[in-house]
Amino acid sequence: MKPVTRYLVLQDGLSDFVGRAISWLSLALIGVLMLEIVARYFLNAPTIWAHEASTMIYGAFCLLAGAYTLRYRGHVRSEVLYGIMGPRGKAFCDTIVFSIGLVVLLVFLKLSVEFAADSWAVREYSNKSIWQPPLYPIKTVIPIAVGLVILQNIAELLRAVLTLFGVAYDDPREGELESEVDPVLLDALKK
């Protein structure tokens, strides 16, 4: 296996693993919310922690799902134009988008590391409820999530650059659908 293919397999595998692992957070979120519903409406004894706990679980879920979403090309883009382009046109657009995205993500990474470090330095706690959970662990998820998206962004940028310059490589995602565009609509646009 060539080094580029090995890298793409490893990176896609990491994003896939993290995405599948954090998908279990949805069950934790459902459990917390169901417990609160039962406690509040059936036992008339609402919890002091469920709202903040569910917010933190959902926040971690959404942040950590970014690399998985990027790996499966689930982020929003204008399919009307992108869908009718050839492989090199798509690669050109992707190269621009992923290059700009990499710069923006690196800035976010720097800021999020500082944000989490400041929270750890003061051992920050929430003041939103009387439960007052520590916030520094959840704020640490932010730079981790941004780092994972950066790694997947680099893999996507590499794919785009190789395609743009016509360099042959074995893409481990070769058999996956490029887009969820309606084939009938796509054929109509090409005519």
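Look up a bit, the structure's there.
Residues numbered from 1 in each chain as written. Predicted model: local features only at pLDDT ≥ 70, side-chain atom pairs only at ≥ 80, totals over all residues. Heavy atoms only, no water.

## Focus on the overall build of the protein chain
Link 1 in the chain: The secondary structure content of the protein chain amounts to 8 helices and 0 strands.
Link 2 in the chain: For 191 residues, the compact-globule estimate of 2.2 N^0.38 gives 16 Å, and the protein chain exceeds it by more than 25% at 21 Å.
Link 3 in the chain: Taken along the three principal axes of its C-alpha coordinates, the protein chain extends 60 × 40 × 30 Å.
Link 4 in the chain: Counting every position in the protein chain, which comprises 191 residues, the buried fraction comes to 36%.
Link 5 in the chain: For the protein chain, the exposed area adds up to about 12000 Å²; of that, 71% sits on carbon and sulfur atoms.
Link 6 in the chain: Across the protein chain, 17 positive and 18 negative side-chain charges occur, with their mean positions spaced 2 Å apart. (Helix = DSSP H or I, 4+ residues; strand = E, 2+ residues; numbered from the N terminus. Rg over C-alpha atoms; globule rule 2.2 N^0.38 Å. Buried < 20%, exposed > 50% of the residue type's maximum accessible area, 1.4 Å probe, protein only. Areas by Shrake-Rupley, 256 points an atom, 1.4 Å probe, with all protein chains shown as cover. Lys, Arg positive; Asp, Glu negative; His and termini not counted. Charge placed at Lys NZ, Arg CZ, Asp CG, Glu CD.)

## Quick look at helix H7 (residues 136-164)
Link 1 in the chain: Taking 1.5 Å of rise per residue, the 29 residues of H7 would be expected to cover 42 Å, and the 42 Å separating its terminal C-alpha atoms lies within 8% of that figure.
Link 2 in the chain: Just past H7, the residue Gly 166 takes up positive phi, approximately 70°. (Expected span 1.5 Å × (residues − 1).)

## Digging into the nonpolar core
Link 1 in the chain: With 17 residues, the main nonpolar core has Ile 22, Leu 64, Leu 105, Leu 148, Val 149 and Ile 150 as its most contacted residues.
Link 2 in the chain: Listing elements by their share of this core, those giving two or more residues are helix H1 (3-22), helix H3 (50-64), helix H4 (66-71), helix H6 (87-122) and H7.
Link 3 in the chain: Looking at which element gives the most residues to this core, the answer is H7, with 7 residues.
Link 4 in the chain: If near-sequence neighbours (up to four positions away) are discounted, Leu 105 is found in contact with Val 146, Val 149, Ile 150 and Asn 153. (Core = buried A, V, L, I, M, F, W, Y, C linked by side-chain atoms within 4.5 Å. Contact = heavy atoms within 4.5 Å.)

## Quick word on the pattern of salt bridges
Link 1 in the chain: The full count for this structure, using the stated rule, is 8 salt bridges.
Link 2 in the chain: With its nearest N and O atoms 2.7 Å apart, the salt bridge here joins Lys 139 to Glu 124. You can see Lys 139 sitting in helix H7 and its partner Glu 124 sitting in the loop between H6 and H7, a full 15 residues away along the chain.
Link 3 in the chain: The exposure class of Glu 124 is partly exposed, given its relative accessible area of 24%.
Link 4 in the chain: Note that Glu 156 and Arg 159 form a salt bridge whose closest N and O atoms lie 3.2 Å from each other. Placement of both Glu 156 and Arg 159 in helix H7 is noted, with a separation of 3 residues, approximately one turn of the helix. Just as Glu 156 is buried, Arg 159 falls in that class too.
Link 5 in the chain: Residues joined in a network through salt bridges with shared partners are Asp 12, Glu 156, Arg 159, Asp 171 and Arg 173. (Salt bridge = Lys/Arg side-chain N within 4 Å of Asp/Glu carboxyl O.)

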